[in-house]
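Spelled out from the first residue to the last, the chains are:
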Amino acid sequence: SQQGEEDPQALSIQEGENATMNCSYKTSINNLQWYRQNSGRGLVHLILIRSNEREKHSGRLRVTLDTSKKSSSLLITASRAADTASYFCARWIYGNNRLAFGKGNQVVVIP
Amino acid sequence: GAGVSQSPRYKVAKRGQDVALRCDPISGHVSLFWYQQALGQGPEFLTYFQNEAQLDKSGLPSDRFFAERPEGSVSTLKIQRTQQEDSAVYLCASSPRDTTDTQYFGPGTRLTVL
(Lines give C-alpha, C1' and ligand atoms only; values in the text may rest on other atoms or scores of the structure.)
Protein backbone atom coordinates (compact mmCIF):
# COMPACT_ATOMS: atom_id res chain seq x y z
CA SER A 1 0.00 0.00 0.00
CA GLN A 2 1.13 3.56 -0.66
CA GLN A 3 2.64 5.24 2.38
CA GLY A 4 0.45 8.10 3.56
CA GLU A 5 0.84 10.41 0.58
CA GLU A 6 -1.61 13.07 -0.43
CA ASP A 7 -3.64 12.67 -3.57
CA PRO A 8 -1.40 12.87 -6.62
CA GLN A 9 -1.28 16.05 -8.61
CA ALA A 10 -1.58 16.52 -12.32
CA LEU A 11 0.09 19.66 -13.64
CA SER A 12 -0.04 21.11 -17.11
CA ILE A 13 2.26 24.08 -17.65
CA GLN A 14 3.83 26.07 -20.45
CA GLU A 15 7.47 25.62 -21.28
CA GLY A 16 9.57 28.06 -19.28
CA GLU A 17 7.23 28.13 -16.29
CA ASN A 18 8.09 26.63 -12.92
CA ALA A 19 6.47 23.44 -11.64
CA THR A 20 6.03 22.66 -7.96
CA MET A 21 4.84 19.37 -6.53
CA ASN A 22 4.42 18.20 -2.98
CA CYS A 23 4.79 15.05 -0.98
CA SER A 24 3.68 14.28 2.55
CA TYR A 25 4.31 11.33 4.80
CA LYS A 26 3.35 10.03 8.22
CA THR A 27 6.33 8.21 9.75
CA SER A 28 9.87 9.29 10.62
CA ILE A 29 12.26 9.06 7.72
CA ASN A 30 15.97 8.60 7.16
CA ASN A 31 15.90 10.35 3.82
CA LEU A 32 13.53 11.33 1.07
CA GLN A 33 14.24 10.84 -2.62
CA TRP A 34 12.61 12.15 -5.77
CA TYR A 35 12.43 10.09 -8.94
CA ARG A 36 11.21 10.81 -12.45
CA GLN A 37 9.60 8.26 -14.71
CA ASN A 38 8.73 8.51 -18.35
CA SER A 39 8.15 5.89 -20.98
CA GLY A 40 11.45 6.50 -22.64
CA ARG A 41 13.85 6.24 -19.73
CA GLY A 42 12.19 4.37 -16.91
CA LEU A 43 12.59 5.45 -13.29
CA VAL A 44 15.47 7.84 -12.77
CA HIS A 45 16.79 9.15 -9.47
CA LEU A 46 16.78 12.96 -9.30
CA ILE A 47 17.80 14.04 -5.81
CA LEU A 48 18.13 12.74 -2.25
CA ILE A 49 17.62 14.90 0.82
CA ARG A 50 18.49 13.61 4.27
CA SER A 51 16.35 14.13 7.33
CA ASN A 52 18.80 16.66 8.77
CA GLU A 53 18.77 18.78 5.60
CA ARG A 54 16.20 21.43 4.78
CA GLU A 55 16.95 22.32 1.17
CA LYS A 56 18.94 20.91 -1.69
CA HIS A 57 19.61 22.01 -5.25
CA SER A 58 20.59 20.12 -8.36
CA GLY A 59 20.62 22.06 -11.61
CA ARG A 60 17.06 23.28 -12.22
CA LEU A 61 15.74 21.22 -9.32
CA ARG A 62 15.16 22.47 -5.79
CA VAL A 63 13.93 20.19 -3.04
CA THR A 64 12.82 21.25 0.41
CA LEU A 65 12.11 19.09 3.41
CA ASP A 66 10.11 20.10 6.47
CA THR A 67 10.30 17.27 8.98
CA SER A 68 8.04 19.10 11.45
CA LYS A 69 5.26 19.11 8.86
CA LYS A 70 6.37 15.78 7.37
CA SER A 71 6.36 17.22 3.88
CA SER A 72 8.64 17.85 0.95
CA SER A 73 8.37 19.82 -2.24
CA LEU A 74 10.11 19.57 -5.59
CA LEU A 75 10.48 22.69 -7.72
CA ILE A 76 11.49 22.49 -11.36
CA THR A 77 12.48 25.89 -12.69
CA ALA A 78 12.33 26.98 -16.34
CA SER A 79 10.56 23.80 -17.37
CA ARG A 80 11.23 22.12 -20.70
CA ALA A 81 9.13 19.77 -22.80
CA ALA A 82 11.55 17.00 -21.83
CA ASP A 83 10.49 17.43 -18.19
CA THR A 84 7.12 15.87 -19.07
CA ALA A 85 6.98 12.81 -16.83
CA SER A 86 5.63 11.37 -13.61
CA TYR A 87 7.48 12.44 -10.49
CA PHE A 88 7.55 10.26 -7.39
CA CYS A 89 8.74 10.94 -3.92
CA ALA A 90 10.05 7.96 -2.01
CA ARG A 91 10.71 7.83 1.69
CA TRP A 92 13.32 5.72 3.39
CA ILE A 93 11.69 4.83 6.68
CA TYR A 94 13.68 4.03 9.83
CA GLY A 95 13.83 0.31 10.48
CA ASN A 96 12.72 -0.73 7.00
CA ASN A 97 14.74 -2.10 4.13
CA ARG A 98 12.77 -0.35 1.49
CA LEU A 99 11.74 2.83 -0.23
CA ALA A 100 8.07 3.70 0.14
CA PHE A 101 6.87 5.41 -3.02
CA GLY A 102 3.91 7.70 -3.35
CA LYS A 103 1.43 7.59 -6.21
CA GLY A 104 3.25 10.22 -8.18
CA ASN A 105 2.62 13.58 -9.78
CA GLN A 106 1.97 13.85 -13.52
CA VAL A 107 3.60 16.86 -15.13
CA VAL A 108 2.96 17.87 -18.73
CA VAL A 109 5.08 20.69 -20.15
CA ILE A 110 3.56 22.21 -23.26
CA PRO A 111 6.09 23.51 -25.81
CA GLY B 1 28.17 -2.28 -17.60
CA ALA B 2 26.22 0.89 -18.10
CA GLY B 3 23.22 0.40 -15.86
CA VAL B 4 20.69 -2.06 -14.54
CA SER B 5 19.28 -4.26 -17.27
CA GLN B 6 16.19 -6.43 -17.21
CA SER B 7 14.88 -9.09 -19.53
CA PRO B 8 12.57 -9.67 -21.13
CA ARG B 9 11.22 -6.14 -21.53
CA TYR B 10 7.75 -7.46 -22.30
CA LYS B 11 6.19 -10.77 -21.38
CA VAL B 12 2.74 -12.06 -22.20
CA ALA B 13 1.67 -15.15 -20.31
CA LYS B 14 -1.48 -17.21 -20.24
CA ARG B 15 -3.08 -17.54 -16.84
CA GLY B 16 -1.51 -20.45 -15.03
CA GLN B 17 1.85 -20.25 -16.74
CA ASP B 18 5.11 -19.78 -14.84
CA VAL B 19 7.34 -16.83 -15.72
CA ALA B 20 10.91 -15.88 -14.87
CA LEU B 21 12.12 -12.29 -14.95
CA ARG B 22 15.82 -11.50 -14.95
CA CYS B 23 17.73 -8.57 -13.49
CA ASP B 24 21.37 -7.71 -14.10
CA PRO B 25 22.38 -5.08 -11.55
CA ILE B 26 25.23 -2.62 -11.88
CA SER B 27 28.47 -4.51 -11.39
CA GLY B 28 29.63 -4.47 -7.79
CA HIS B 29 26.37 -3.25 -6.33
CA VAL B 30 25.66 -4.99 -3.05
CA SER B 31 21.95 -4.31 -2.66
CA LEU B 32 19.25 -5.43 -5.07
CA PHE B 33 15.54 -4.72 -4.88
CA TRP B 34 12.45 -5.88 -6.74
CA TYR B 35 9.34 -3.71 -7.04
CA GLN B 36 5.93 -4.18 -8.61
CA GLN B 37 4.28 -1.20 -10.28
CA ALA B 38 0.63 -1.30 -11.24
CA LEU B 39 -0.72 1.08 -13.86
CA GLY B 40 -0.98 4.62 -12.51
CA GLN B 41 0.62 3.74 -9.18
CA GLY B 42 4.04 4.09 -7.61
CA PRO B 43 6.35 1.11 -7.28
CA GLU B 44 5.60 -1.28 -4.41
CA PHE B 45 8.43 -3.11 -2.65
CA LEU B 46 8.61 -6.86 -3.15
CA THR B 47 11.94 -8.10 -1.84
CA TYR B 48 15.53 -7.12 -1.02
CA PHE B 49 18.89 -8.86 -1.32
CA GLN B 50 22.22 -7.98 0.20
CA ASN B 51 24.70 -9.90 -1.91
CA GLU B 52 23.21 -13.39 -2.14
CA ALA B 53 21.18 -13.15 1.05
CA GLN B 54 17.48 -12.38 0.77
CA LEU B 55 17.04 -10.19 3.83
CA ASP B 56 13.47 -9.10 3.32
CA LYS B 57 10.75 -10.79 1.31
CA SER B 58 7.80 -9.38 3.18
CA GLY B 59 6.47 -7.55 0.11
CA LEU B 60 5.97 -10.67 -1.99
CA PRO B 61 2.19 -10.86 -2.47
CA SER B 62 1.85 -14.63 -2.31
CA ASP B 63 3.84 -17.85 -2.15
CA ARG B 64 3.61 -17.98 -5.95
CA PHE B 65 6.33 -15.33 -6.02
CA PHE B 66 9.92 -16.40 -5.51
CA ALA B 67 13.18 -14.49 -5.97
CA GLU B 68 16.80 -15.56 -5.90
CA ARG B 69 20.27 -14.11 -6.32
CA PRO B 70 22.48 -17.17 -5.93
CA GLU B 71 25.87 -15.60 -6.66
CA GLY B 72 25.17 -12.13 -5.40
CA SER B 73 24.87 -10.61 -8.85
CA VAL B 74 22.11 -11.56 -11.30
CA SER B 75 18.68 -12.01 -9.78
CA THR B 76 15.59 -13.81 -11.01
CA LEU B 77 12.01 -13.17 -9.96
CA LYS B 78 9.81 -16.17 -10.62
CA ILE B 79 6.04 -16.15 -10.60
CA GLN B 80 4.30 -19.49 -10.60
CA ARG B 81 0.78 -20.10 -11.88
CA THR B 82 0.34 -16.52 -13.00
CA GLN B 83 -2.96 -14.76 -12.38
CA GLN B 84 -4.44 -11.72 -14.11
CA GLU B 85 -3.76 -9.59 -11.03
CA ASP B 86 -0.05 -10.25 -11.50
CA SER B 87 -0.12 -8.01 -14.59
CA ALA B 88 2.19 -5.10 -13.81
CA VAL B 89 5.62 -3.71 -14.50
CA TYR B 90 8.30 -5.42 -12.43
CA LEU B 91 11.22 -3.15 -11.62
CA CYS B 92 14.63 -4.12 -10.39
CA ALA B 93 16.96 -1.67 -8.68
CA SER B 94 20.45 -1.87 -7.26
CA SER B 95 22.48 0.30 -4.93
CA PRO B 96 26.18 0.31 -4.15
CA ARG B 97 26.28 -0.38 -0.47
CA ASP B 98 23.91 0.65 2.22
CA THR B 99 20.22 0.15 1.73
CA THR B 100 19.62 3.87 2.21
CA ASP B 101 21.69 4.73 -0.86
CA THR B 102 20.28 6.03 -4.06
CA GLN B 103 18.75 3.20 -6.05
CA TYR B 104 19.38 2.73 -9.75
CA PHE B 105 16.45 1.26 -11.58
CA GLY B 106 16.25 -0.94 -14.62
CA PRO B 107 13.74 -0.34 -17.42
CA GLY B 108 11.36 -2.92 -16.02
CA THR B 109 9.57 -5.94 -17.41
CA ARG B 110 5.95 -5.39 -18.39
CA LEU B 111 4.05 -8.59 -17.62
CA THR B 112 0.62 -9.10 -19.09
CA VAL B 113 -1.34 -12.15 -17.98
CA LEU B 114 -4.22 -13.07 -20.25
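Our subject in this report is the structure included herewith. (Residues numbered from 1 in each chain as written. Chains lettered and ligands numbered in written order. Predicted model: local features only at pLDDT ≥ 70, side-chain atom pairs only at ≥ 80, totals over all residues. Heavy atoms only, no water.)

## Here we look at the packing of aromatic side chains
Step number 1: All told, the structure shown has 11 aromatic pairs over all chains when counted by the stated rule.
Step number 2: Ring centres of Trp92(A) and Phe33(B) lie 6.3 Å apart, and the angle between their planes is 85°; on these two criteria the pair is classed as edge-to-face. Here Trp92(A), found in strand E8 (residues 85–93), pairs with Phe33(B), found in strand E4 (residues 31–37), and the two come from separate chains. Across the pair, exposure class does not vary: Trp92(A) and Phe33(B) are buried alike.
Step number 3: Judged by centre distance (5.7 Å) and plane angle (85°), the ring pair of Phe101(A) and Tyr35(B) falls under edge-to-face. Linking Phe101(A) in strand E9 (residues 99–101) with Tyr35(B) in strand E4, this pair reaches from one chain into another.
Step number 4: With a relative accessible area of 0%, Tyr35(B) lands in the buried category.
Step number 5: Among the aromatic residues, ring-to-ring pairing joins Tyr35(A), Phe88(A), Trp92(A), Phe101(A), Phe33(B), Tyr35(B), Phe45(B), Tyr48(B) and Phe105(B) into one connected group. (Phe/Tyr/Trp six-rings, centres within 6.5 Å; stacked < 30°, edge-to-face > 60°. Helix = DSSP H or I, 4+ residues; strand = E, 2+ residues; numbered from the N terminus. Buried < 20%, exposed > 50% of the residue type's maximum accessible area, 1.4 Å probe, protein only.)

## Quick look at the interface of chain A and chain B
As a measure of interface size, the accessible area lost when the parts come together is often cited.
Step number 1: Listed by partner, the interface residues are 18 residues for chain A and 19 residues for chain B.
Step number 2: For the pair chain A and chain B, the summed buried surface comes to about 1600 Å²; carbon and sulfur atoms form 48% of the total.
Step number 3: Summed over the three residues of chain A that lose the most area to chain B, namely Leu43(A), Asn97(A) and Arg98(A), the buried surface amounts to 33% of that side.
Step number 4: For Arg98(A), the salt bridge identified is with Asp56(B), shortest N-O distance 3.1 Å.
Step number 5: Summed over the shared surface of chain A and chain B, the result is five residue pairs in polar contact (both at pLDDT 80 or more).
Step number 6: Residue assignment for the side of chain A that touches chain B shows that the elements contributing at least two residues are strand E3 (29–38), strand E4 (42–50), E8 and E9 of chain A.
Step number 7: When residues of the side of chain A that touches chain B are assigned to their parent elements, the largest contribution, five residues, is made by E3(A).
Step number 8: Its residues assigned to classes, the side of chain A that touches chain B shows seven nonpolar, nine polar and two charged. (Contact = heavy atoms within 4.5 Å. Buried area = accessible area lost by both parts, 1.4 Å probe. Salt bridge = Lys/Arg side-chain N within 4 Å of Asp/Glu carboxyl O. Polar contact = N/O pair within 3.5 Å; in protein donor to acceptor, adjacent residues only side chain to side chain. Nonpolar A, V, L, I, M, F, W, Y, C, P; charged D, E, K, R; others polar.)

## A few points about the pattern of salt bridges
All names here are of chain A.
Step number 1: Counted by the stated rule, this structure contains seven salt bridges over all chains.
Step number 2: Between Glu53 and Lys56 there is a salt bridge, with the nearest N and O atoms lying 3.9 Å from each other.
Step number 3: Look at Glu53 and you get partly exposed, because its relative accessible area is 25%.
Step number 4: When its relative accessible area of 28% is taken as the criterion, Lys56 is described as partly exposed.

## Here's the deal with the pairing of strand E9 (residues 88–95) of chain B
Residues and elements named next belong to chain B.
Step number 1: Judged by how many residues are buried, E9 sits mostly within the fold: eight of eight residues are covered.
Step number 2: Judged by which residues are buried, E9 turns out to be covered on both faces: Ala88, Tyr90, Cys92 and Ser94 on one side and Val89, Leu91, Ala93 and Ser95 on the other are all buried.
Step number 3: As judged from the seven bridges shared by E4 and E9, these two strands associate in the antiparallel manner. In the strand pairing of E9, Phe33 is matched with Ala93.
Step number 4: In the sheet, E9 pairs with strand E11 (residues 109–113) via three bridges, with the strands oriented antiparallel. Bridge assignment links Ala88 to a residue of E11, and that residue is Leu111.
Step number 5: Inspection of the sheet shows E9 paired to strand E10 (residues 104–105) by two bridges, in the antiparallel sense. The partner of Ala93 across the bridge, within E10, is Phe105. (Pairing = 2+ DSSP bridges.)

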